[in-house]
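Listed here are the chains, written in short residue letters.
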Amino acid sequence: MTSALNPAPAASPSVLGHSTRSGYDEYTNDPRFVASQRELRNLLFTSAHSLAPTRTGSPVDTSIGYPSAHSHADPHDSALRDVISTRERVAWLRNYLDEVAPWLDMFDAAQHFGLTLPVLAQSSVPLVFAMLAISARQIERKKKLRGHHDSLQLYQESIRSLTPQLLAGDPNVLATCVILCVLEMMSASPWNWQKHLDGCAALFSSHLVNGLSGGLPQAVFWCYARMDVCAAIISGGNSTLVLPLENWLPLGVPPEHASRYFHTPKIPDMWANYAVYLAARACHLMWQHTNETPDAPYSVYEDHFMTSWHDLWTELQSWRQNRPFELRELEFGGDSRILQGSPFPFILYAASCAISSNQLYHAACLLLLEMKPPSIQRHQLGHGATKLWHARRICGISTTNEHHGCLNNAIQPLWLAGKLLSHPTEHKVVVDLIRTIEMKTGWSVQWRIGDLKEVWGYEGNSTI
């Protein structure tokens with residue numbers, strides 16, 4: 001397996017059957033962006049290799065090296081004041097706080113991206129530029145602006161000012177790097193997503209930051225992790241996670257013991273992160289099943305796969321059955337479809353982390369059902385063994401809940417679900433939903449419409 005500290009080549013578009021160009025958006029084909037992204041990626045790997053531990057480390061102590069916003073900020077620091085010097089930049093900062101930060105914080109009750117980072121930005125020039133860059137890019141995408149891109153200049157300024165901090169090993173640069181990574185993903189060809197993730201993965205490995213590190217590092221980790229899972233789903237089993245699964249937990253914690261770490265606090269955002277981790281394991285198992293050639297005799301390999309599959313399925317059902325109340329849908333009487341005039345069920349959640357975590361649960365179940373061992377009978381798995389049940393609930397969650405961050409996160413689950421739908425009415429609802437997601441959020445997602453039309457058997461230029 002490729003180490004997180006060593007870059008892996010991006011999945012070949014010839015293998016995946018798709019172009020590396022980003023279609024509508026010329027942004028990531030701009031030579032200035034390409035050069036800057038390459039510069040950032042090389043910087044991340046250089047920094048990661050210089051910081052890589054020479055011996056087995058200990059789990060991260062969040063009280064060391066990761067100061068709180070209040071201890072880190074100095075009222076006399078002037079980074080925020082110096083950079084936010086025009087009305088336009090004030091508008092970008094406000095858009096970051098109002099629109100972008102809630103995306104990044106959707107699994108984080110402490111809202112580190114919206115509350116902590118703006119305070120830390122008072123003493124961090126690269127962080128200020130990263131926040132402005134992603135905000136400007138979101139506005140450009142949403143308004144479909146072409147030509148000159150303010151976000152590109154801000155992106156370049158962030159990288160330029162980030163270099164000394166990266167080389168000095170400042171752990172707080174992780175947040176800046178992940179924000180820049182999200183900016184890249186907003187317009188990048190989906191088949192190149194993993195190339196945009198591997199530098200951050202190397203940095204997480206070198207800093208020994210994982211999903212249970214606590215505080216800001218933990219919040220930044222799970223923001224990255226959700227993108228890693230989406231990239232793995234996009235690959236369709238051709239690639240596994242960029243950050244190896246063993247780096248998602250503290251050193252020495254095996255996957256079969258992970259549940260106790262997520263169970264202990266039993267707070268909504270950690271339970272939601274647990275769903276991300278289970279979806280990651282499903283993606284990795286899909287990759288193993290698709291690509292690995294067993295060294296052991298085939299029967300032994302099949303027994304091992306069946307055990308891994310069954311253990312993960314059982315853990316997923318336990319996740320759903322034991323969810324805290326905040327992650328459960330609100331109850332309504334009557335036929336839920338009547339409430340929204342949709343062919344899909346009405347499934348409303350009060351918490352943003354509930355929306356995406358439940359979708360990821362259903363997505364992970366679909367991935368497992370696609371590779372269910374023949375020896376395991378569906379009747380042994382309960383009502384959750386029906387692919388269409390999971391697919392319809394994925395669609396229902398997105399048609400009912402409009403949190404923008406959750407809409408962004410829904411595209412890959414909607415792809416898995418949409419492939420299973422057969423009625424033209426359902427097709428139209430899903431296509432309209434994907435178009436609405438791009439219109440509302442600015443994320444480049446309409447490429448999935450073409451993929452679904454191909455699966456459904458529509459002609460390339462036909463209207464749905």
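Computed from a predicted structure; not experimentally measured. (Residues numbered from 1 in each chain as written. Predicted model: local features only at pLDDT ≥ 70, side-chain atom pairs only at ≥ 80, totals over all residues. Heavy atoms only, no water.)

Side note on the overall build of the chain
Point 1. Looking only at helices and strands, the chain has 20 helices and zero strands in total.
Point 2. Looking at the chain as a whole, 56% of its 464 residues are labelled buried.
Point 3. For the chain, contacts bridging at least 24 residues in sequence account for 76% of all contacts bridging at least 6. (Helix = DSSP H or I, 4+ residues; strand = E, 2+ residues; numbered from the N terminus. Buried < 20%, exposed > 50% of the residue type's maximum accessible area, 1.4 Å probe, protein only. Contact = heavy atoms within 4.5 Å.)

Looking at the environment of Thr 386
Point 1. For Thr 386, the position within the fold is in the loop between helix H15 (352–370) and helix H16 (387–400).
Point 2. According to the relative accessible area criterion, Thr 386 is partly exposed, its value standing at 42%.

Description of the state of the cysteines
Point 1. Overall, the coordinates contain zero disulfides when judged by the stated rule.
Point 2. Here Cys 200 is not disulfide-linked; the sulfur of Cys 181 is the nearest cysteine sulfur, at 4.5 Å.
Point 3. Cysteine Cys 353 shares no disulfide, and the gap to the nearest cysteine sulfur, in Cys 406, comes to 8.4 Å. (Disulfide = S-S within 2.5 Å.)

Looking at empty space enclosed by the protein
Point 1. Under the counting rule described, the total for this entry stands at five cavities of 30 Å³ or more.
Point 2. Of the volumes computed, that of the largest cavity is approximately 270 Å³.
Point 3. Looking at the largest cavity, it is lined by 18 residues, and the ones nearest its centre are Trp 193, Met 227, Asn 408, Asn 409 and Trp 443.
Point 4. Where the lining of the largest cavity is concerned, the elements lending two or more residues are helix H5 (87–104), helix H11 (215–235), helix H17 (404–409) and helix H18 (411–418).
Point 5. For the lining of the largest cavity, the element with the most residues is H11, which contributes four residues.
Point 6. The class makeup of the residues in the lining of the largest cavity is 12 nonpolar, five polar and one charged. (1 Å grid on protein atoms, 1.4 Å probe; cavity = no way out; pocket = protein on both sides within 12 Å on 5 of 7 lines; lining within 4 Å. Points joined across faces, edges and corners; volume = space filled by probe spheres on them. Nonpolar A, V, L, I, M, F, W, Y, C, P; charged D, E, K, R; others polar.)

Some thoughts on the packing of H16 against H18
Point 1. For the pair H16 and H18, interaxial distance at closest approach is 8 Å and the crossing angle is 140 degrees. By the criterion of interaxial angle, the relationship of H16 to H18 is oblique. The hand of the H16/H18 crossing is left-handed. Touching Ala 391, Ile 394, Cys 395 and Ser 398 of H16 are Pro 413, Leu 414 and Ala 417, all from H18. (Axes fitted to C-alpha atoms, helices over the stretch in contact; angles between N-to-C directions. Parallel < 35°, antiparallel > 145°, perpendicular 65-115°, else oblique. Left-handed = near helix turned anticlockwise from the far one by under 90°.)

Notes on the packing of aromatic side chains
Point 1. For the structure on display, the rule yields 17 aromatic pairs.
Point 2. For the pair Phe 262 and Tyr 274, a centre-to-centre distance of 4.9 Å together with 10 degrees between the ring planes defines the contact as stacked. Here Phe 262 is found in helix H12 (residues 258–263), whereas its partner Tyr 274 is found in helix H13 (residues 268–291), with 12 residues between them in sequence.
Point 3. Three or more aromatic residues joined by ring pairs make a cluster, and in this case those are Phe 204, Phe 221, Trp 222, Tyr 224, Trp 248, Phe 262, Trp 271, Tyr 274 and Tyr 277.
Point 4. Directly above the aromatic system of Phe 107 lies the positively charged group of Arg 226, at a separation of 4.7 Å from the ring centroid. (Phe/Tyr/Trp six-rings, centres within 6.5 Å; stacked < 30°, edge-to-face > 60°. Lys NZ or Arg CZ within 6 Å of the ring centre and 35° of its normal.)

Some words on the pattern of salt bridges
Point 1. Within this structure, the stated rule accounts for 14 salt bridges.
Point 2. Here the salt bridges share partners, and the residues they tie into one network are Arg 323, Glu 329 and Arg 393. (Salt bridge = Lys/Arg side-chain N within 4 Å of Asp/Glu carboxyl O.)

Quick word on unusual backbone geometry
Across residues other than glycine, the phi torsion is negative in most instances, and most of the peptide bonds are trans.
Point 1. Even without being glycine, Lys 144 reaches a positive phi, approximately 55 degrees.
Point 2. Among the secondary structure elements, Lys 144 is positioned in the loop between helix H7 (125–143) and helix H8 (150–168).
Point 3. Judged by relative accessible area, Lys 144 falls into the partly exposed class, the value being 41%.

A short note on the nonpolar core
Point 1. Judged by nonpolar contacts, the single largest core of 147 residues is most densely connected at Tyr 96, Ile 179, Val 229 and Trp 248.
Point 2. In this structure, Tyr 96 is in contact with Ala 101, Pro 102, Leu 104, Phe 113, Leu 117, Pro 118, Met 131, Ile 134, Ser 135 and Ile 179, ignoring residues within four places of it in sequence. (Core = buried A, V, L, I, M, F, W, Y, C linked by side-chain atoms within 4.5 Å.)

Some words on helix H9 (residues 173–187)
In an α-helix, one turn spans 3.6 residues, which is why side chains three or four residues apart end up on the same side.
Point 1. For H9, built from 15 residues, the straight-helix expectation of 21 Å at 1.5 Å per residue is met to within 8% by its first-to-last C-alpha distance of 23 Å.
Point 2. With 15 of its 15 residues buried, H9 lies for the most part within the structure. (Expected span 1.5 Å × (residues − 1).)

A few points about the packing of H5 against H7
Point 1. In the contact formed by H5 and H7, the axes pass within 8 Å of each other and the chain directions differ by 80 degrees. Between H5 and H7, the interaxial angle falls into the category roughly perpendicular. For the pair H5 and H7, contact is made by Arg 89, Trp 92, Leu 93, Asn 95, Tyr 96, Glu 99, Val 100 and Trp 103 and by Phe 129, Met 131, Leu 132, Ile 134, Ser 135, Ala 136, Gln 138 and Ile 139, respectively.

Re the environment of Ala 272
Point 1. Relative to the elements of secondary structure, Ala 272 occurs in helix H13.
Point 2. Residue classification places Ala 272 among the buried residues on the basis of a relative accessible area of 0%.
Point 3. Residues in contact with Ala 272, not counting those within four places in the same chain, are Phe 107, Leu 327, Cys 353 and Ser 357.

Digging into the side chain of Arg 323
Point 1. Note that Arg 323 resides in the loop between helix H14 (298–321) and H15.
Point 2. One polar contact links the side chain of Arg 323 to the main-chain carbonyl oxygen of Leu 327, over a distance of 3.4 Å.
Point 3. Dropping the residues within four chain positions of it, Arg 323 is found in contact with Trp 271, Arg 328, Glu 329, Tyr 349 and Asn 358. (Polar contact = N/O pair within 3.5 Å; in protein donor to acceptor, adjacent residues only side chain to side chain.)

Brief notes about the environment of Leu 174
Point 1. Counting through the fold element by element, Leu 174 comes out in helix H9.
Point 2. The sequence separation of Leu 174 and Leu 127 amounts to 47 residues, and the corresponding C-alpha distance is 9.8 Å.
Point 3. When near neighbours in sequence (up to four residues on either side) are disregarded, Leu 174 contacts Leu 203, Phe 204, His 207, Val 209 and Val 220.

Quick notes on the confidence of the model for the chain
Point 1. Per-residue confidence for the chain gives a mean pLDDT of 85; residues scoring 70 or more make up 84%.
Point 2. Counted against residues more than four places away or in other chains, residues 8–24, with its pLDDT under 50, gives 33 contacts. (pLDDT = per-residue confidence, 0-100.)

Notes on H16
Point 1. With 14 residues, H16 should cover 20 Å at 1.5 Å per step; its first-to-last C-alpha distance of 20 Å lies within 8% of that length.
Point 2. Looking at H16, one finds that the buried residues are His 390, Ala 391, Arg 392, Arg 393, Ile 394, Cys 395, Gly 396, Ile 397, Ser 398 and Thr 400.

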